[in-house]
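Chain by chain, the residues:
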Amino acid sequence: MKPIEVKNLKKQFKTTEAVKGINFSINQSETLALLGPNGCGKTTTIGMLLGLITPTSGNIFINEEELNYKDHQFLNIMNFASPYVELPKKLTVLENLKVYGRMYLIKNFKEKIDQLIEDLNLKPFLNKRTGELSSGQKNRVSLAKSLINDPKILLLDEPTASLDPDTGDYVRSYLEKYKKENDISILLASHNMDEVTRLSDYVLMMKEGQIIDHGKAKDLIDKHGRENLEQVFLKLVRQKNEH
Amino acid sequence: MLRHFYLIRSSFPRIFDLIYWPTVQIILWGFVSKFFTMHSDYFNNVAGVILSAAILYDFLFRSSISYNMLFLEEIWSRNIINLFVSPLKISEIIMALTSSALIRTMIGLVPAAFIAIPLFGISIFELGVPLILLLFSLYLFGVTLGLLVTAGLVRFGPSFENVAWASLFFIAPLGCIYYPVEILPSWVQPIALGLPLAHIFEETRNILVNQTVSFTNIYYAIGLNLIYLTLAISIFYKSFASAKRNGTLVNIGE
Ligand SMILES: Nc1ncnc2c1ncn2[C@@H]1O[C@H](COP(=O)(O)OP(=O)(O)OP(=O)(O)O)[C@@H](O)[C@H]1O
Ligand SMILES: [Mg+2]
């Protein structure tokens, strides 16, 4: 069963065509990375998968069921984290986790929260207001929120942007470990090539709303005869009108 | 249902603010109406009219504003997307906003109403059982305005906030809060009567001045309210659909 399948997905905003008919799917328990320059349509694609943006045309299938924008049921098995989304500042970290635990109606409420606190090392600032945390600490809390419902599908939009290398590495290691221990499929939009190389099973290269290349990170590097993904990225993005 | 409780709880602080402003307003209007009692025959036996109207109008104002504030707070805290990507339904968002706005409004209003009793010897509770119906009616209208403004916030972003304030002040003169409908120019009167407010405040005066209750006004108000509320709810749903088309939900906080 494919957790996510996207067919000929298009999004036309008033004047910009942000996504121009893309096709892709994510395999069970795999991580798909969305790579591409600013404004190529990554966030728009994620927004459509979350039901935040209505596609102009095309189909989205979540677990082989066509996404239904009226019924929010599919959101029970998904979750999302990104630095441009934050949790209520006035609530403490613990209160926020409880609010979202309730919101997703999770069953083993207390154990799940305790486990996330333990795993993401949230103890030191558990009773601090979320607004008073550093961005690295906030990032960990957001990650905890995004895992609170044991999502089967996790969407991450630049999860480690604005983190120092050490904290960024901490988050990446944690995601790597989490992925090994849980049955989860991840869609990761990122500008961090090391992160993509390390976490992804498959890479989509986007440019101007289209997928211009795809493959395993290693295969892409070999195919384009470069040393690393960053050079592949630069080559593809600077190329003119190949597709 | 638990979700609602937690949503409500997440907007608990600033209780001081909630109590402070209604109280100040009541005290101000209390002195104004006391002054009128000393100098005007009309108000002599009905000193409470202005004050009661002020308290009731404040109730409306609060319920509507706190509705929008709740939503704006979620936008400012950049939390709104977290809510949209959770399995919360739009109807649940409406329910949560409606019930927490009620709680916030009550926190502000109840102390203010009690303060008015010893201070000015005026009690809105003199309105008796119909008071509940009048308050209910006002609350419905507050929710309606709140829904409309929130729909605007969803659709046009936080800059729509100014319209929120403007709309309330625009409606005030048409609401006939402190004076009978007949005072208005004749061509404005039908517009005013099309709003539930005129009926609500007309009845408030009727009860206080004539000591009789006419349920026609009350039923009129509730009927009109239900029409407007239904309209507001459907506009609220439409604003979500349109925000999803325009992609404004994703960067609503910016
Ligand atoms: N709500 C909107 N209305 C109009 N145009 C939009 C809207 N949101 C995005 N766009 C446009 O769609 C295109 C794709 O934007 P998108 O945010 O998906 O890019 P992105 O790949 O996430 O970029 P970044 O790497 O900078 O995050 C851009 O040209 C952007 O200007
Ligand atoms: Mg983006």
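This text goes with the structure placed above it.
Residues take numbers from 1 onward in each chain, read along the sequence in its written order. Chains and ligands are labelled sequentially in the order written, the chains with letters from A and the ligands with numbers from 1. Owing to the predicted nature of the model, reporting of local features is limited to residues with pLDDT of at least 70; listing and counting of side-chain atom pairs is limited to 80 or more, with chain, interface and lining totals taken over all residues. Note that water and hydrogens are dropped before the side-chain values are worked out from all heavy atoms of the structure.

Caption draft 1: Local environment of the overall build of chain B. Secondary structure elements follow DSSP: runs of H or I no shorter than four residues count as helices, runs of E no shorter than two count as strands, and numbering proceeds from the N terminus. Within chain B one finds 10 helices and 0 strands. Put simply, chain B runs from its N terminus to its C terminus through helices and strands in the order α-α-α-α-α-α-α-α-α-α. Exposure categories follow from relative accessible area, calculated using a 1.4 Å probe and restricted to protein chains: below 20% of the type maximum is buried, above 50% is exposed, and the middle band is partly exposed. Looking at chain B as a whole, 56% of its 254 residues qualify as buried. Any two residues having at least one pair of non-hydrogen atoms within 4.5 Å are treated as being in contact. Looking at chain B alone, contacts between residues at least 24 apart form 77% of all its contacts between residues at least 6 apart. Computed by Shrake-Rupley with a 1.4 Å probe, the accessible areas treat only the displayed protein chains as cover when residues are assessed. For chain B, the exposed area adds up to about 11200 Å²; of that, 73% sits on carbon and sulfur atoms.

Caption draft 2: Layout of the site of ligand 1. In the vicinity of ligand 1 lie 14 residues, with Gly39, Lys42, Thr43, Thr44 and His191 of chain A positioned nearest. Those chains with residues close to ligand 1 are chains A and B. In this structure, an oxygen atom belonging to ligand 1 sits 2.8 Å away from a side-chain N or O atom of histidine 191 of chain A. Here a polar contact means two N or O atoms within 3.5 Å. Within protein one must be a hydrogen donor candidate and the other an acceptor candidate, and residues neighboring in sequence count only if both atoms are side-chain atoms. Within the backbone of glycine 247 of chain B, an N or O atom sits 3.5 Å from a nitrogen atom of ligand 1. Relative to its unbound accessible area of 630 Å², ligand 1 is 68% covered by the protein chains. The biggest single contributor to the shell around ligand 1 is helix H1 (residues 42-49) of chain A, with 3 residues. Under the grouping applied here, Gly and all other residues not named as nonpolar or charged are polar, the nonpolar ones being Ala, Val, Leu, Ile, Met, Phe, Trp, Tyr, Cys and Pro and the charged ones Asp, Glu, Lys and Arg. Classifying every residue of the shell around ligand 1 by side-chain character gives 3 nonpolar, 9 polar and 2 charged. Residues are counted as near a molecule or strand when any one of their heavy atoms sits within 4 Å of it.

Caption draft 3: Looking closely at the side chain of threonine 130 of chain A. All names here are of chain A. By the element assignment, threonine 130 lies in the loop between helix H3 (109-119) and helix H4 (135-147). Look at threonine 130 and you get buried, because its relative accessible area is 2%. A polar atom in the side chain of threonine 130 sits 2.7 Å from the side chain of asparagine 96. Once you skip the residues sitting within four places of it in the chain, threonine 130 turns out to touch Leu87, Pro88, Lys89, Leu91, Thr92, Val93, Asn96 and Lys138.

Caption draft 4: Seen up close, the interface of chain B and chain A. Each partner contributes residues to the interface: chain B has 30 residues there, and chain A has 33 residues. Buried area: the accessible surface (1.4 Å probe) lost by two parts on joining, summed over both. With both sides pooled, the region where chain B packs onto chain A buries about 3000 Å², and carbon together with sulfur makes up 59% of that total. In the sections that follow, a salt bridge refers to a side-chain nitrogen of Lys or Arg positioned within 4 Å of a carboxyl oxygen of Asp or Glu. Applying the counting criterion to the chain B and chain A interface returns 0 salt bridges. Put simply, chain B and chain A have 10 residue pairs in polar contact (both at pLDDT 80 or more) between them. Mapped by element, the contributors of at least two residues to the side of chain B that touches chain A are helix H1 (2-9), helix H3 (48-76), helix H4 (80-84) and helix H10 (215-246) of chain B. Counted by class, the side of chain B that touches chain A contains 13 nonpolar, 7 polar and 10 charged residues.

Caption draft 5: Representation of the nonpolar core. Throughout this description, the term nonpolar core refers to a set of buried Ala, Val, Leu, Ile, Met, Phe, Trp, Tyr and Cys residues connected via side-chain atoms within 4.5 Å. Membership of the largest hydrophobic core comes to 144 residues, with the highest contact counts inside it found for Ile4, Phe24, Leu50, Leu52, Leu122 and Leu155 of chain A. Of the residues forming this core, the biggest block, 15 residues, is contributed by H3 of chain B. Residue contacts for leucine 155 of chain A: discarding those within four places in its chain leaves Ile4, Ile46, Leu49, Leu50, Met78, Asn79, Phe80, Ala81 and Leu187 of chain A. In this structure, Ala33, Leu35, Val203 and Ile221 of chain A belong to the second largest nonpolar core, which totals 14 residues.

Caption draft 6: Structural view of the pairing of strand E9 (residues 202-207) of chain A. Residues and elements named next belong to chain A. Burial of E9 is extensive: 5 of the 6 residues sit out of reach of the surface. Bridging between strand E3 (residues 31-35) and E9 involves 4 bridges; their strand directions are parallel. Looking at E9, one finds that leucine 32 is bridged to tyrosine 202. Any two strands between which DSSP finds at least two bridges are classified as paired. Pairing of E9 with strand E10 (residues 210-215), which is carried by 5 bridges, proceeds in the antiparallel orientation. Bridging from a neighbouring strand, leucine 204 pairs with histidine 214 of E10. What sits between the antiparallel neighbours E9 and E10 is a turn of 2 residues, in which glutamate 208 has the positive phi angle 50 degrees.

Caption draft 7: Focus on the sheet that holds strand E6 (residues 78-81) of chain A. Residue and element names in this part refer to chain A. Strands sit in the order E6-E7-E8-E3-E9-E10 across an open sheet of 6 strands; the sheet is mixed. The open sheet has two free edges, formed respectively by E6 and E10, since each of these has just one partner strand. Across the sheet, the mean angle from the axis of one strand to that of its neighbour is 15 degrees, orientation sign disregarded. Pairing of E3 with strand E8 (residues 185-189), which is carried by 4 bridges, proceeds in the parallel orientation. Bridge pairing links alanine 33 to leucine 188 in E8. Interaxial angles span 0 to 180 degrees and are taken between N-to-C directions of axes, which are lines fitted to C-alpha atoms, for helices over the stretch in contact. Sitting on the sheet, H1 is in contact with E3, E6, strand E7 (153-157), E8 and E9, with an inclination near 150 degrees to E7. Packing against the sheet, H4 makes contact with E6 and E7, and its axis sits at approximately 170 degrees to E6.

Caption draft 8: Here's a closer look at the side chain of asparagine 96 of chain A. With respect to the element layout, asparagine 96 of chain A can be found in helix H2 (residues 93-103). When residues no more than four places from it in sequence are discounted, the contact partners of asparagine 96 of chain A are Leu87, Pro88, Leu91 and Thr130 of chain A.

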